[in-house]
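Geometric and topological summary
Now for the letters of each chain:
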There are 2 protein chains.
Amino acid sequence: MTEFEFIYNFLVRQHDDDVLLGIGDDAAIVRPRAGHDLCFSSDMLVSGKHFFSDVAPEDIGHKVLAVNVSDMAAMGATPRWVLLSAAFPELDTLWLNKFCGTLFEQLSQYGISLIGGDTTKGNLTFNITIVGELPQGLALKRSGAKLGDDVWISGQVGMAAAALDGYLGKVVFPEAVWQECRQKYLRPVPRVALGRELLPLAHAAQDISDGLAQDLGHILKASGVGAELWADRVPILPALRDCAPVEQIRAWQLSGGDDYELLFTAPEAVRAQILAAGEASGTQLARIGKIIEGTKLRILDDAGGEIHLHKTGFDHFG
Amino acid sequence: MTEFEFIYNFLVRQHDDDVLLGIGDDAAIVRPRAGHDLCFSSDMLVSGKHFFSDVAPEDIGHKVLAVNVSDMAAMGATPRWVLLSAAFPELDTLWLNKFCGTLFEQLSQYGISLIGGDTTKGNLTFNITIVGELPQGLALKRSGAKLGDDVWISGQVGMAAAALDGYLGKVVFPEAVWQECRQKYLRPVPRVALGRELLPLAHAAQDISDGLAQDLGHILKASGVGAELWADRVPILPALRDCAPVEQIRAWQLSGGDDYELLFTAPEAVRAQILAAGEASGTQLARIGKIIEGTKLRILDDAGGEIHLHKTGFDHFG
C-alpha cells in the first residue's frame, strides 16, 4: 500500500457543508460560520511515551482523538475539524483498519471532520490539530478564576494513574477494579457537552491531563489567585479506595495524569445551574475546593490538615 | 529546563490583534476576518527521514516552517497562524536558541503568529499545522486545469535532489554549485507572494515537494486532463547542467523532490499577466508544458522524443 492509497482508502470518508475542500489538495479550505471565534489545539503522542508500544490500535485510535477533543471541551468549544499527522513504521492494513475504526467512530460521534494531515515513515507518532468553534467572545479560559469561586471537578479522578501503575506492575488490582481503571486510561471520555453547558456559567476551566494539583496550579497562576483543594472530596471509583493506602490514592488523584476530566471554577451564585449542567450533560460533578486570596494552592484533608505532595504532576523533561 | 520553561521562554513572543488568546491555555482562540475562508495544512518532519540527524538547528528551524508555508503559497493563501508540535530527545538551550532563531525570523518575515502546539520527549520530530486566509471563494486548487492551459513553473528545479545525492556521497559537485544546491535543499523559499498574485489568474496549482512529474500527475488526475511536459524547458542552475549526464539531470528535475516551487496552469490569454505576476513577486517563471486531452502525462525532449522515467517521485512507503 502506498501513502496515497492509504489516504484515499482510509481517510477520505466524510461530508461536511462547511468544508469547501477536503483531503487531497495542498491544503483544506473551510468557511467559518459568522459570529464565531475559532480555537486551536495540538497534541503529539509518541509510542512508548504516551502509550505502550503494544497497545491495541483501537485504543490508540480512541485516545489520540480523545485527548484533543478534551482540549476543546476545556474551552467550552464545539470541535469541528481535525488534521491528523502520523508516522508509521509500516502501512499494515489490518492495524490501520482497527485504528481508523475507532477514530472515525469518534469523529462521527462528535460531528468532527478529518480535513487533512500527513503520513510518513517513522516510529509510531501521532499529532492531531483540532479546530473548534466558540460563540464570539465566550470561552472557558484558565485566567478567569475569581475570589470566592467554587472549584469543581467532573467524573472520577485517579483511575488512569492507577491503571498506569497496574501496567507497570507496581500494583495488582482486583479484576473488576482493573477493568474500570484500564477503560478510563485507554478510553477517556472528553466532556464536550459539559464544557458547552459551562460556557455561560464557569469563570475558568481546564482539562486534567498532567495531574490535578499541577493543572489547578495553572488556573491559579493565570488568574492571580490561590486555592484550597479538599483532597478527600475528590471523587474516585469507590472500590479503588480499598486497593491502596491513602497516600497512594492521593498521589494517583492529585499528581497522576491522563484523567481528562474538567476542572473549573464558578461563583457560588450559580451552584444550582452548575448542577443542572451536570445533569443535562450526564456528568457527575463535585465541589472540591475554593478560590482564596494569595497565589498558593493549599491541599487539605477532611480534618483540616495540610497535605504536601512529593510531585505535583507530570513534566516530559522533569 | 522544564517543558513549561521552554514554552514561556522560547515560544511566547508575538503580538497579533486577531489572536484573542495565545499560547498557554488549553487552546488558542483567533477571530477569522469577515469575507475570508481559512485553509489548513499539516506536515510532519522526522529526523533521519526528512532531514539528516546532524543538520544544523538553524536549518531545521527554517525548513520545518518553509515546507508548510509553501502549502499556503500553493493555495494562493496568506499564512496567518501556526501550531508547532515537537518531540525533542532533550531540551538543549543552545540548540533551541538556534532553532527558534530562524523559526521566528521567518514567522516574522511572513507575518505569521505561533499560537500553540505541544512539546514532548522523543526522537526529533516536528509537526506544524499552518492556517491561512483566502478571500472567500478564491483558491488555487489542483482540480482546475483546463484544456489548452499553459503549464508553468517558478524558479529552478532539481537542485534540492542534486544536493541530496551530494549529501549521500553519490556525486561530488564543484564548490560553487554545491553551495547553491545545498542552500536550495536546506533553505527553500516558499512562493507566497507569487501564489497571491496568481489567485485571480491561474486555473490550478500545487507546490513541488514529491517530484515534478508526480506532482503534475496530481493536477492531471484531479482535473481529469492530460499534459505534455517539455523536459528541456524546465529551468535549472546552468552550472549544474555540466555536472552530470542528461539522464541524471532529468531524474533530479522530474523525479526529485523538495523543490517547493509552484507548478501551475493558466490559460494562454493571461500569459502577459502571469509574467507580470512573476515580476511583481520577484520570481522567475517558465512555461514548461501544455494541458491536453486524455489523462496521460507525456514528457518530451526538445526534439519531440518521449522520455520515460524510472520513477515519477517520492513515496514514503513505496
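You'll find the structure just up there.
Let us look at the structure shown here. Worth saying up front: this structure is predicted, and the values here are computed from it rather than measured.

Each value, and the rule that gives it
- Residues numbered from 1 in each chain as written.
- Chains lettered and ligands numbered in written order.
- Predicted model: local features only at pLDDT ≥ 70, side-chain atom pairs only at ≥ 80, totals over all residues.
- Heavy atoms only, no water.
- Contact = heavy atoms within 4.5 Å.
- Buried area = accessible area lost by both parts, 1.4 Å probe.
- Salt bridge = Lys/Arg side-chain N within 4 Å of Asp/Glu carboxyl O.
- Polar contact = N/O pair within 3.5 Å; in protein donor to acceptor, adjacent residues only side chain to side chain.
- Helix = DSSP H or I, 4+ residues; strand = E, 2+ residues; numbered from the N terminus.
- Least-squares fit on C-alpha atoms with pLDDT ≥ 70 in both.
- Buried < 20%, exposed > 50% of the residue type's maximum accessible area, 1.4 Å probe, protein only.
- Pairing = 2+ DSSP bridges.
- Right-handed = clockwise from strand over helix to strand, strands pointing away.
- Phe/Tyr/Trp six-rings, centres within 6.5 Å; stacked < 30°, edge-to-face > 60°.
- Lys NZ or Arg CZ within 6 Å of the ring centre and 35° of its normal.

Listed as interface residues are 67 residues of chain B and, on the opposing side, 68 residues of chain A. Across the chain B/chain A interface, buried area totals approximately 5,200 Å², and carbon plus sulfur atoms make up 58% of it. The tally of links between chain B and chain A comes to 6 salt bridges. Arg 142 of chain B is paired through a salt bridge with Asp 26 of chain A; the nearest N and O atoms lie 3.2 Å apart. At the boundary of chain B and chain A, one finds 21 residue pairs in polar contact (both at pLDDT 80 or more). Tallying contributions element by element places strand β3 (residues 36–46) of chain B first for the side of chain B that touches chain A, with 10 residues.

On to the relation of the copies chain B and chain A, then. In screw terms, the move from chain B to chain A is a rotation of 180° and a rise of 0.0 Å along the axis, fitting with an RMSD of 0.0 Å. Both copies of the chain, as the preceding transformation shows, are related through a two-fold rotation axis. Take the interface residues of chain B: 100% of them recur as interface residues in chain A, which is what a same-surface contact looks like.

Turning next to the pairing of strand β4 (residues 78–88) of chain A. All names here are of chain A. Most of β4 is tucked away, with 10 of its 11 residues classed as buried. Here β4 runs beside strand β6 (residues 125–135); their pairing, made up of 9 bridges, is antiparallel. Across the sheet, the residue bridging to Pro 79 is Gly 132, located in β6. By the bridge criterion, 8 bridges tie β4 to strand β5 (residues 113–121) in an arrangement that is parallel. Each residue of the ladder has a partner; that of Phe 88, found in β5, is Lys 121. Handedness of the crossover joining β4 and β5 through helix α3 (residues 93–110) is recorded here as right-handed.

What follows is about the packing of aromatic side chains. Applying the stated criterion to the full structure yields 22 aromatic pairs over all chains. Between Phe 51 of chain A and Phe 126 of chain A, the ring centres sit 6.1 Å apart and the planes meet at 50°, which makes this aromatic pair tilted. Residue Phe 51 of chain A is located in the loop between β3 (36–46) and α2 (57–75), and its partner Phe 126 of chain A is located in strand β6; the two are separated by 75 residues in the primary sequence. With respect to class, Phe 51 of chain A is no different from Phe 126 of chain A; both count as buried. With a centroid separation of 6.3 Å and an interplanar angle of 5°, the aromatic rings of Phe 173 of chain B and Trp 178 of chain B are classed as stacked. Like Trp 178 of chain B, Phe 173 of chain B is buried. One aromatic cluster in this structure is built from Phe 51, Phe 88, Trp 95, Phe 99 and Phe 126 of chain A. Above the ring of Tyr 185 of chain B, the side-chain terminus of Lys 63 of chain B is found at 4.0 Å from the ring centroid.

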